[in-house]
Amino acid sequence: MTSDILTTSQIDFFNQQGYLFVENLLSKQEVEEYRQVYEDFLSNKIESANYRADLAGLAEDPDKKAEVERITQIMIPSRLFPPLLSRPLHRRSHALARQLLGEDLELDFDMLIDKAPFTNTPTPWHQDASYWISMPDTRAVSCWVALDEAIKDNGCMWYIPKSHLLPIRPHRPSAKGGGALICDAIESEGGAVEIQPGSCVFHHGGTLHYSRGNSTGKRRRAFITNFRPGSMIRYERENGFDHTGDRAVKNEEAKSGDFA
Ligand SMILES: O=C(O)CCC(=O)C(=O)O
């Protein structure tokens, strides 16, 4: 059975720890359907080239630029292919996000992150809020849905419990050529959440997270939705920010290490 109702203890866990595992957001058949749409994005059958990047950045030596994208990120899939908005992943993750952080939560953006086989490239430790402009209301939650089994060796998510309750850490770009943002953190501060296809993990916008590289021969596809109060989405847009642009440190507090 798929899930779209949370218990009080799940909501309390999220508020206290900053993340929450939810089993079976999608059925097996739904996972298959999402895998097909995912391939349409990766093969550019659904035109997404302008929103596609390698989170690993460019290799330091441009002559050695990776032939294979190591961490493929495609932003705003539902703006490029709106039928996704009424499908189960968006509907159920939205329903659960509202139970976690409030009825005023709306979809801000979504993204695909794929780790190809044997690419061995970690997603660096970071807090999502470091990418975003500073906002008066910091409620924000991501739903990270696995379309393949996600285990330590192919890049399941790791979280640092309670980190959303502490000041944001200072962030910096991880690589020349526009790599993901990084802050100082280590695995022993947190724990890995290994999950099956169709299951998901929610994390708060202030929760520190990371994933190891994919050292296996199989894919690691994730479909991610992100929600925040509608008033804050309008605030972002009025300030020219819509999650399709560059990956600079945008949050003033992440430059200094404070978080209001
Ligand atoms: O999929 C990954 O490796 C990283 C995902 C991530 O950083 C996020 O969903 O905020």
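In this text the structure is predicted, and so the values were computed from the model without any measurement.

Caption draft 1: Region of the structure containing the site of the ligand. Thr 123, Trp 144, His 209, Ser 211 and Arg 220 are the nearest of the 13 residues found near the ligand. Between the ligand and Asp 128 there is a distance of 3.1 Å, counted from an oxygen atom to a side-chain nitrogen or oxygen. Here Ser 211 contributes a side-chain N or O atom positioned 2.7 Å from an oxygen atom of the ligand. Calculation on the ligand without its partners gives an accessible area of 290 Å², and the protein chains cover 97% of this total. With respect to the detected pockets, the ligand is housed in the largest pocket. Residue assignment for the shell around the ligand shows that the elements contributing at least two residues are β4 (105–115), β5 (123–126), β12 (209–211) and β13 (220–229). Looking at which element gives the most residues to the shell around the ligand, the answer is β4, with three residues. Across the shell around the ligand, the residue classes break down as five nonpolar, five polar and three charged.

Caption draft 2: Structural view of the pairing of strand β3 (residues 71–75). Within β3, five of the five residues are buried, which leaves the element mostly enclosed by the surrounding structure. Side chains of β3 alternate between two faces, with Ile 71, Gln 73 and Met 75 and Thr 72 and Ile 74 buried alike. Here three bridges tie strand β2 (residues 52–54) to β3, and the two strands are oriented antiparallel to one another. Across the sheet, the residue bridging to Ala 53 is Gln 73, located in β3. When β3 meets β4, the two strands line up antiparallel, connected through five bridges.

The rules behind the values
- Residues numbered from 1 in each chain as written.
- Predicted model: local features only at pLDDT ≥ 70, side-chain atom pairs only at ≥ 80, totals over all residues.
- Heavy atoms only, no water.
- Near = heavy atom within 4 Å.
- Polar contact = N/O pair within 3.5 Å; in protein donor to acceptor, adjacent residues only side chain to side chain.
- Areas by Shrake-Rupley, 256 points an atom, 1.4 Å probe, with all protein chains shown as cover.
- 1 Å grid on protein atoms, 1.4 Å probe; cavity = no way out; pocket = protein on both sides within 12 Å on 5 of 7 lines; lining within 4 Å.
- Sits in = over half its atoms within 2 Å of the grid points.
- Helix = DSSP H or I, 4+ residues; strand = E, 2+ residues; numbered from the N terminus.
- Nonpolar A, V, L, I, M, F, W, Y, C, P; charged D, E, K, R; others polar.
- Buried < 20%, exposed > 50% of the residue type's maximum accessible area, 1.4 Å probe, protein only.
- Pairing = 2+ DSSP bridges.

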